[in-house]
Amino acid sequence: MPIPDPVHYPPFNITRAGHVRVTVRDLDAARDFYTSVYGLIVSDEADGALYLRGVEEVCHHSLVLTAAGDGPLCERIGLRVQTEEELDKAHDWFCGEGLGPAWVEQPWQGRTLHVTDPCGVPLELCASMTAVPRLGSAVDRHRGGVALRFDHFQILVPDAQAACDFYTRLGFRVSDYVETPDGALVAAFMYRKDIPWDLVFFAAKGPRMHHFAYITPNAVDMFRACDIAGIRGYGEAVERGPGRHSMGHVQYVYFRDPDGHRSELVLDAPHHMTDLENEPVQWTPASIGEKAWGLPAQRAWFLEASRFPGVEPVETSVARGALTLEDYLSARTVVA
Ligand SMILES: [Fe+2]
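Overview of the structure. Given the structure is predicted, the values throughout are model-derived calculations rather than measurements.

## A few points about unusual backbone geometry
Okay, step 1: Cis geometry is adopted by the peptide bond preceding proline 207, which originates at glycine 206 and carries an omega value of 10 degrees.
Okay, step 2: Locating proline 207 in the fold gives a position in the loop between β12 (199-203) and β13 (208-215).
Okay, step 3: Here the residue pair glycine 241 and proline 242 is connected by a cis peptide bond, since its omega of 5 degrees sits within 30 degrees of zero.
Okay, step 4: For proline 242, the location among the structural elements is in strand β14 (residues 238-244).
Okay, step 5: A positive phi angle, close to 60 degrees, is found at tryptophan 108, a residue other than glycine.
Okay, step 6: As for its position among the elements, tryptophan 108 is in the loop between β6 (102-104) and β7 (112-116).

Next comes the structure, spelled out in structure tokens:
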């Protein structure tokens with residue numbers, strides 16, 4: 001059993017995955033993609049950065065796009081903590097772990113803490129942002145996939161067990177996990193909010209950010225996002241799906257933005273996770289596709305991801321054993 005016991009009273013209270021910072025080469029192209037296909041709202045633009053949010057969000061931003069000429073990177077994984085007091089506790093705890101946290105100033109955020117986790121993932125923690133109007137009922141401003149709110153990250157790490165162990169210490173619980181027949185951890189789906197995922201770790205060359213996800217209201221909005229992508233010249237950016245995940249039985253579609261950052265539109269969470277009867281569910285690389293439908297993901301979906309600044313990815317020793325679209329098609333016999 002590779003899943004550690006949950007920690008119900010962690011050293012400080014992380015509440016959820018909250019925002020992401022990525023660099024882009026062309027801010028206008030990225031703005032067009034995220035506002036037209038995802039339907040994100042522009043909260044502000046300043047100093048070469050664009051601050052966007054989902055239509056349901058009252059926090060100032062959940063996606064920060066920064067113009068940079070040195071290639072697309074994922075600058076920070078954003079986590080929210082409950083209060084300023086919890087932020088101070090986080091600072092002290094990270095100091096005790098020897099992780100060297102640093103206070104920084106970020107526009108439209110309260111006090112902000114930067115730290116790099118033991119896997120090499122750069123984190124940004126804050127307890128508050130400037131409040132902005134919730135636009136969930138402003139349907140005249142809804143576009144594309146009507147992205148409601150930021151939901152989760154998938155992060156590739158060479159050692160998924162180490163990531164799972166570390167974030168368990170911070171109070172994250174495991175909803176689902178994938179284990180090889182010889183007991184190596186392939187993936188851990190971990191959460192703090194009341195649904196099955198905030199941080200998903202897969203064993204792969206890393207650390208790298210595989211994707212971030214927004215909730216879309218329903219399948220019609222999801223297909224509209226795909227239609228808008230096609231109309232505006234992003235047809236090939238629809239990388240995988242629409243399809244249905246085995247875990248949670250939710251529908252999804254993955255896009256690549258103009259800089260190659262991957263993101264997902266996914267329907268809302270299938271069930272609540274607060275109660276302790278929600279034990280981690282075990283999967284195998286073979287069973288992870290049960291009840292799903294459609295073709296396997298293309299090889300790029302498994303191999304390509306956004307790098308973090310100054311962090312050289314390391315290969316994993318854990319074999320995921322995933323079937324790629326290329327392998328599936330090459331092995332298929334066609335009788336004409
Ligand atoms: Fe996802």
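Having seen the structure, we can now continue with the description.
## Some words on the layout of surface pockets
Empty space among the atoms can be located by rolling a probe the size of a water molecule over them.
Okay, step 1: Its boundaries defined by the atoms lining it, the largest pocket holds a volume of some 770 Å³.
Okay, step 2: What lines the largest pocket is a set of 35 residues, among which Arg240, His245, Ser246, Ile288 and Gly289 lie closest to the centre.
Okay, step 3: For the lining of the largest pocket, the elements supplying multiple residues, two or more each, are β9 (149-157), β11 (185-191), β12, β14, β15 (251-256), β16 (262-266) and α5 (299-303).
Okay, step 4: Partitioning the lining of the largest pocket into residue classes produces 23 nonpolar, eight polar and four charged.

## Details of the coordination of the iron ion
Okay, step 1: For the iron ion, every protein donor is listed as His152 (NE2), His211 (NE2) and Glu264 (OE), and the spread of their distances is 2.1 to 2.2 Å.
Okay, step 2: In primary-sequence terms, the residues that donate to the iron ion follow H-x58-H-x52-E. Highlighted residues: histidine 152 in strand β9 and glutamate 264 in strand β16, separated in sequence by 112 residues.

## Brief notes about the packing of aromatic side chains
In this description, an aromatic ring pair is defined by two values, namely the gap between the centres and the angle between the planes.
Okay, step 1: Enumeration according to the criterion identifies 24 aromatic pairs in this entry.
Okay, step 2: Measuring from centroid to centroid gives 5.6 Å for tryptophan 93 and phenylalanine 94, while their planes differ by 70 degrees, and the two rings are edge-to-face. Phenylalanine 94 matches tryptophan 93 in its accessibility class, with the two residues each being buried.
Okay, step 3: On the basis of an interplanar angle of 80 degrees and a centroid distance of 5.9 Å, the ring pair of phenylalanine 189 and phenylalanine 202 is categorised as edge-to-face. With phenylalanine 189 in strand β11 and phenylalanine 202 in strand β12, this pair connects stretches of sequence that are 13 residues apart.
Okay, step 4: A residue is classified by how much of its surface remains accessible, and phenylalanine 189, at 10% relative accessible area, is buried.

## Quick notes on helix α4 (residues 219-231)
Okay, step 1: Helix length check: α4, at 13 residues, gives a terminal C-alpha distance of 18 Å against a target of 18 Å (1.5 Å per residue), a fit within 8%.
Okay, step 2: All buried positions along α4 are accounted for by Asp221, Met222, Ala225, Cys226 and Ala229. Within α4, the buried residues cover an arc of 150 degrees as seen down the axis, which keeps them to one side. Exposed side chains of α4 directed beyond 90 degrees from the buried face belong to Val220 and Ile231.
Okay, step 3: Here the buried face of α4 lies against β14, β15 and β16.

## Let's talk about the pattern of salt bridges
Okay, step 1: A full pass over the atoms with the stated rule returns 19 salt bridges.
Okay, step 2: The closest approach of N and O atoms between arginine 21 and glutamate 124, which form a salt bridge, is 2.9 Å. Taken together, the positions of arginine 21 in strand β1 (residues 14-24) and glutamate 124 in strand β8 (residues 122-126) put the pair 103 residues apart, joining distant regions of the chain.
Okay, step 3: Judged by relative accessible area, which is 0%, glutamate 124 ranks as buried.
Okay, step 4: Across the pair arginine 256 and glutamate 239 runs a salt bridge, and its minimum N-O distance is 2.7 Å. Remark: glutamate 239 occurs in strand β14 and arginine 256 occurs in strand β15; sequence separation between them is 17 residues.
Okay, step 5: Overall, the relative accessible area of 17% leaves arginine 256 in the buried class.
Okay, step 6: On the basis of relative accessibility, which here comes to 9%, the residue glutamate 239 falls in the buried class.
Okay, step 7: Each member of the salt-bridge network shares a partner with another, and the members are Glu239, Arg256, Arg262 and Glu304.

## What to know about the sheet that holds strand β3 (residues 49-53)
Okay, step 1: The mixed open sheet is built from eight strands, whose spatial order is β2-β3-β4-β1-β5-β8-β7-β6. Every other strand in the sheet has two partners, leaving β2 (41-46) and β6 as the edge strands with one partner each. With strand direction ignored, the average angle separating the axes of adjacent strands in the sheet is 25 degrees.
Okay, step 2: Across the sheet, helix α1 (residues 27-36) touches β1, β2, β3 and β4 (63-67), and the angle it forms with β4 is around 160 degrees.

## Remarks on the pairing of β3
Okay, step 1: Among the five residues in β3, five count as buried, and that is most of the element.
Okay, step 2: Along β3, one buried face is formed by Ala49, Tyr51 and Arg53 and the opposite face, lined by Leu50 and Leu52, is buried too.
Okay, step 3: Here β2 runs beside β3; their pairing, made up of five bridges, is antiparallel. In the sheet register, alanine 46 faces β3, and the bridge partner there is alanine 49.
Okay, step 4: Hairpin connection of β2 to β3: two residues between the antiparallel strands, including aspartate 47 at a positive phi of 50 degrees.
Okay, step 5: Relative to β4, β3 runs antiparallel, the two being bridged by four bridges.

Reading the values: the criteria
Residues numbered from 1 in each chain as written. Predicted model: local features only at pLDDT ≥ 70, side-chain atom pairs only at ≥ 80, totals over all residues. Heavy atoms only, no water. Helix = DSSP H or I, 4+ residues; strand = E, 2+ residues; numbered from the N terminus. 1 Å grid on protein atoms, 1.4 Å probe; cavity = no way out; pocket = protein on both sides within 12 Å on 5 of 7 lines; lining within 4 Å. Points joined across faces, edges and corners; volume = space filled by probe spheres on them. Nonpolar A, V, L, I, M, F, W, Y, C, P; charged D, E, K, R; others polar. Donors = N, O, S within 2.8 Å, 3.2 Å for Na, K, Ca; no water. Phe/Tyr/Trp six-rings, centres within 6.5 Å; stacked < 30°, edge-to-face > 60°. Buried < 20%, exposed > 50% of the residue type's maximum accessible area, 1.4 Å probe, protein only. Expected span 1.5 Å × (residues − 1). Arc of directions from axis to C-beta. Contact = heavy atoms within 4.5 Å. Salt bridge = Lys/Arg side-chain N within 4 Å of Asp/Glu carboxyl O. Pairing = 2+ DSSP bridges. Axes fitted to C-alpha atoms, helices over the stretch in contact; angles between N-to-C directions.

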